[in-house]
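Close look at the chain arrangement
Chain by chain, the residues:
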Amino acid sequence: FKKGRRSGANALMLRYTPIAEPTVMEKFLLQGQKKHLCTKEFSHPIPWQKIEAEGLDCDYAMLFPKGEADDLFSQLEEEVVYSTGEESKVQVFGKMYNIPRKQAAYGDKGLEYTYSGVTRLACSWTPTLEYIRDSVTTATGQTFNFVLINRYKDGQDHMGEHRDDEHELDPSCPIASVSLGAARDFVFRHRDARGKHSSRHIEPVKLELAHGSLLLMNPPTNTFWYHSVPVRRKVLSSRINLTFRRITEKTRWSQ
DNA sequence: TATCGATCATTCGT
DNA sequence: CACGAATGATCGAT
């Protein structure tokens, strides 16, 4: 790992870029430094939790205290416009289905993204989304040009196992997942440990994503591990999840 | 990355 | 506590 430049907003903020497998000592130093990152100037440090497995590298922290998370949740409930009609359907094994949740996509002006084979323009950032995006940037040192929003109205809404589309994403950029509202289970499964007779036995990694939390999925996590938000019948209230990404620039303004 | 039916697991009720 | 039933979670086929 390479220590990066300081940020003007926060002298304690460090950037890090994975350039090789870190040594044990480097991992230790990195964790210590990340614990001093702040959500805003002169704020308290965030305690980070490291989640690691073979080819999996995540960082988990509470980004927003409950009161602020409550406010952000209700603001997003007012502001966010979700896809409807054809845009909220998906084709799997030849059949069309309504996706079992609501989705929206926001990003830099003119940014295009592809979902289930169709390319569309992202909506432009709202002030609330910019605030959350900038909070994630301050906490992580990573910048993002796009956010995919998924709204799960209750425990019946879910998302099946998948990896995020790699060729449209910058593979060196972590994916930052912010959760607001009802806590939901989140399950990682290694690609070699799925299916009828999988080549290896690797235990799934299961997390609960809390109200106001941030989960950073660092490379190469998305290469080796599928993730899902399974059905949980006992969950009765809604959750909004925002996954901030960096989409490759070549798709911009492509008429 | 969707649904469905089969199967496995957990909780419930007596 | 034991045991079967009911409910819920997971898996494989499509």
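The model shown is predicted, which means the values in this text are computed figures rather than measured ones. (Residues numbered from 1 in each chain as written. Chains lettered and ligands numbered in written order. Predicted model: local features only at pLDDT ≥ 70, side-chain atom pairs only at ≥ 80, totals over all residues. Heavy atoms only, no water.)

As for the protein's contact with DNA strand B
So the rule is basically this: Being near a molecule or strand, for a residue, means having at least one of its heavy atoms within 4 Å of it. Pairs of N or O atoms are called polar contacts if they sit within 3.5 Å, as long as, within protein, a hydrogen donor faces a hydrogen acceptor (for residues adjacent in sequence, only side-chain-to-side-chain pairs).
What surrounds DNA strand B is a group of 13 residues, the closest being Arg101, Tyr115, Gly160, Glu161 and His162. Near the protein, within 4 Å, the atoms of DNA strand B are sugar or phosphate in 56% of cases. At 3.5 Å, a side-chain N or O of histidine 158 approaches a phosphate oxygen of DNA strand B. Between a phosphate oxygen of DNA strand B and a main-chain N or O atom of glycine 160, the distance comes to 2.7 Å.

A few points about helix H2 (residues 66–79)
Side chains that are three or four residues apart share a direction in an α-helix, a result of its 3.6 residues per turn. Keep this limit in mind: Comment: elements are numbered from the N terminus, with helices defined as DSSP H or I runs of at least four residues and strands as E runs of at least two. Expected span, for any helix, means 1.5 Å times one less than how many residues it has. Every residue pair with non-hydrogen atoms within 4.5 Å of one another is taken to be in contact.
Between its terminal C-alpha atoms H2 stretches 20 Å, which fits the 20 Å expected from 14 residues at 1.5 Å a residue. Looking at the buried residues of H2, the elements they touch are helix H3 (127–140), strand E13 (175–181) and strand E18 (239–245).

With respect to the UniProt feature "domain: Fe2OG dioxygenase" (unreviewed entry) in chain A
Selection rule: UniProt positions are given in the numbering used here, feature names are shortened, and annotations may be inferred rather than shown by experiment.
Under the UniProt annotation, "domain: Fe2OG dioxygenase" (unreviewed entry) lies at residues 143–248. What you have in residues 143–248 is 4% helix and 45% strand, and the ends, taken at the C-alpha atoms, are 13 Å apart.

So, the sheet that holds strand E14 (residues 184–190)
Basically, it comes down to this: Here, any two strands with at least 2 DSSP bridges between them count as paired. To define axes, lines are fitted to C-alpha atoms, for helices over the stretch in contact only, and angles between the resulting N-to-C directions are given on a 0 to 180 degree scale.
The strand order across the open sheet built from 4 strands is E12-E17-E14-E15, with neighbouring strands paired in antiparallel fashion. Since the sheet does not close on itself, it has two edges, and those belong to strand E12 (159–162) and strand E15 (205–209), each with one partner. Adjacent strand axes in the sheet meet at a mean angle of 15 degrees when their direction is disregarded. Inspection of the sheet shows E14 paired to E15 by 5 bridges, in the antiparallel sense. Its bridge partner being in E15, aspartate 185 is matched across the sheet by glutamate 208.

A closer look at the pairing of E13
Operational definition: Whether a residue is buried, partly exposed or exposed follows from its accessible area with a 1.4 Å probe, protein chains only, as a fraction of its type maximum: under 20%, in between, or over 50%, in that order.
Taken across its 7 residues, E13 has 7 buried, putting it largely inside the fold. Bridge count between E13 and strand E16 (residues 213–218): 5 bridges; the pairing is antiparallel. The residue of E16 that forms the bridge with alanine 176 is leucine 216. Bridge count between E13 and E18: 6 bridges; the pairing is antiparallel. By the bridge assignment, valine 178 is partnered in E18 with leucine 242.

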